[in-house]
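Below are the chains, spelled out letter by letter.
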Amino acid sequence: MKKQTIEKNLTEGNVVIQLIMFALPFMLSNFIQTLYNVADMLIVGNFTGSEGISGVNIGGQVTFIITNIVVGLSVGGTVVIAQYLGSKNRKSMEECVKTLITFLFITSIVVTVVMMLLSDVFLVLLRTPEESYEQARSYLNITLLGTVFIFGYNGFSAILRGLGDSKRPLIFVTIACGINVVLDLILVGVFHMAAAGAALATVISQAISMFACIIYIKRSDLGFDFKLSSFRMYKERLLIMMKVGIPISVQNVIVNFSFLVLTAIANGMGVSASAAVGVVGKYNGFAILPAIAVGSSVSAMVAQNMGAGMVDRAKKTFHTGFVLSFSITLTVFIFTQLFPEQIVSIFGKDDPKMISEAVSYLRSFSFDNLIVPAAFCLNGLITGSGHTVISSISGIMSSIGFRIPFAILLGITLEKGMFGLGMAAPLASLGTTIIVFIYYLSGKWKVSTVVNKPATMETELELSSF
């Protein structure tokens, strides 16, 4: 059977149309993937109450650390693969594909073992309420067993997006999400497995997403057939992808850690406040999807154009992305400010205190929607150029220098409660935007850190066994 070509050239055609056509499937894919944890929370909340919501939220937050690690590494893969594709260096591109898949497989095993050993430590550090501890523990431990599927799906999706294909990941995750919801209803609603059932449903659906990606990639012309001989790591390619991806992973983990601090502060206020943070977090996951999707699409599109040496087109991609994402998130912000109580009530109407806390938190947190379009699109431009160290520095400074201090200052010291806790998010986004914008004005991002460097090593490392 003839292998199918899956690359799509993003260096030609109308920038606006190209970006919209690439970003829309990406946005829908992220929207559906976000439904995983939200479906868990909605169904568990309706069958078990605030304790279940708190348990799923806390367990999900720890699992999200893992997702952030793989997303950062995968971004490195997307950028490097896209730049090699743009420069028409197919050999290097295929070596990157093999290296990324092999590396993520090994890393997923290590992360699973380490996180399983430390799961109780994380729950204690997060000051998990006693009422929801067992639910959080069950949810976390089961989802940790599916780490390889989280790494696999995100890694394969990164490869496809680097090749200009954002449609296939959408199809795969849509199928998996539908299965996730059905399993949630069966395991939680019928068999009363609570958070453990929701976690099991998530793991199974993530596995289906990953295997769908594997089948598609095997039928492509990428030269990776998932036989033992295909699992190889090329040192030069690994070093380049790590140089691009590790700063993003570090940034993601620290940003996630800063949100865990917010969760820990809320946990200290009681189970209703803990559940409120979980509810707003899940809603905000949807609210910022347009900015995330457009920013990531800007990154992939910029990467191909920088590989082809088309700096002006890369810059135009950023401008287009900002206008597009801001126009959407502005509408979301207005909607959120008008109907906060109706929004949080979707997650449970039986706890008036939780609803009150969530409304207060959401009103301040939602100002983040006005700032993140600039933050994500600027980071997309700089990341696509390969300058991820700058993106990482801005993200780390935002978290450590703004989000955590303001959360403590406004939420605890000045006793502004949930409203003050929520304000820490937009203030942090404003900080990172200022830092990255200054770098953008410097023009240093215009020099690619990937394709302009001569290859000095082609040392190949092969896996002899699994």
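This one's a predicted model, so the numbers in the text were calculated from it and none came from an experiment. (Residues numbered from 1 in each chain as written. Predicted model: local features only at pLDDT ≥ 70, side-chain atom pairs only at ≥ 80, totals over all residues. Heavy atoms only, no water.)

(A) Looking closely at the environment of Ile214. Examined against the element boundaries, Ile214 turns out to sit in helix α7 (residues 194-218). For the pair Ile214 and Asn369, spaced 155 residues apart in sequence, the C-alpha separation works out to 35 Å. Here Ile214 is in contact with Phe156 and Phe226, once residues within four sequence places are set aside. (Helix = DSSP H or I, 4+ residues; strand = E, 2+ residues; numbered from the N terminus. Contact = heavy atoms within 4.5 Å.)

(B) Inspection of the packing of helix α2 (residues 50-86) against helix α4 (residues 133-144) at higher detail. With their axes 7 Å apart at the nearest point, α2 and α4 run at an angle of 35° to one another. In this structure, the crossing between α2 and α4 has a hand that is right-handed. Between α2 and α4, the contacting residues are Glu51, Gly52, Gly55, Val56, Ile58, Gly59, Gly60, Val62, Thr63 and Ile66 on the first element and Gln135, Ala136, Tyr139, Leu140, Thr143 and Leu144 on the second. Counted by class, the contact of α2 with α4 contains eight nonpolar, seven polar and one charged residues. (Axes fitted to C-alpha atoms, helices over the stretch in contact; angles between N-to-C directions. Left-handed = near helix turned anticlockwise from the far one by under 90°. Nonpolar A, V, L, I, M, F, W, Y, C, P; charged D, E, K, R; others polar.)

(C) Representation of the nonpolar core within the structure. In terms of nonpolar packing, the biggest core is built from 60 residues, with Val80, Ile101, Phe156, Ile159 and Phe226 touching the most fellow members. Taken together, the elements giving at least two residues each to this core come down to α2, α3 (90-125), α4, α5 (147-162), α6 (167-190), α7 and α8 (235-267). It is α2 that provides the largest number of residues to this core, a total of twelve residues. Once residues within four sequence positions are removed from consideration, Phe156 is found in contact with Ile101, Met210, Cys213, Ile214, Ile217 and Phe226. In this structure, Tyr139, Leu262, Val280 and Leu421 belong to the second largest nonpolar core, which totals 39 residues. (Core = buried A, V, L, I, M, F, W, Y, C linked by side-chain atoms within 4.5 Å. Buried < 20%, exposed > 50% of the residue type's maximum accessible area, 1.4 Å probe, protein only.)

(D) Broad picture of a nonpolar patch on the surface. Taken together, the side chains of Ile109, Val110, Val113, Val114, Leu117, Leu118, Val121 and Leu125 define a hydrophobic patch exposed on the protein surface, amounting to about 730 Å² of accessible area. Following the sequence through the fold, Ile109 ends up in helix α3. You can call Ile109 partly exposed: its relative accessible area is 44%. (Patch = residues over 30% accessible without salt bridge, like charges linked within 9 Å, V, L, I, M, F, W, Y side chains within 5 Å. Areas by Shrake-Rupley, 256 points an atom, 1.4 Å probe, with all protein chains shown as cover. Salt bridge = Lys/Arg side-chain N within 4 Å of Asp/Glu carboxyl O.)

(E) Representation of the pattern of salt bridges in the model. In the structure shown here, the tally under the stated rule is four salt bridges. Here Glu94 and Arg90 are joined by a salt bridge, their closest N and O atoms 3.0 Å apart. One end of the pair, Glu94, and the other, Arg90, are both in helix α3, four residues apart, so they sit about a helical turn from each other. The shortest N-O distance in the salt bridge between Arg237 and Glu95 comes to 3.1 Å. With Arg237 in helix α8 and Glu95 in helix α3, the pair connects residues that are 142 residues apart, well separated along the chain. One continuous salt-bridge network, built from bridges that share partners, spans Lys91, Glu95 and Arg237.

(F) Just the packing of aromatic side chains, in detail. Overall, the coordinates contain 15 aromatic pairs when judged by the stated rule. With a centroid separation of 6.5 Å and an interplanar angle of 70°, the aromatic rings of Phe226 and Phe231 are classed as edge-to-face. Relative to Phe326, the ring of Phe322 has its centre 5.9 Å away and its plane inclined at 25°; by these criteria the two rings are stacked. Of this pair, Phe322 and Phe326 both sit in helix α11 (residues 311-338), four residues apart, roughly one helical turn. Residue Phe322 is classed as partly exposed on the basis of its relative accessible area, which comes to 31%. An aromatic cluster of at least three residues, connected via ring pairs, comprises Phe105, Phe156, Phe226 and Phe231. Sitting over the face of the ring of Phe26, Arg161 holds its NZ or CZ atom 3.9 Å from the ring centroid. (Phe/Tyr/Trp six-rings, centres within 6.5 Å; stacked < 30°, edge-to-face > 60°. Lys NZ or Arg CZ within 6 Å of the ring centre and 35° of its normal.)

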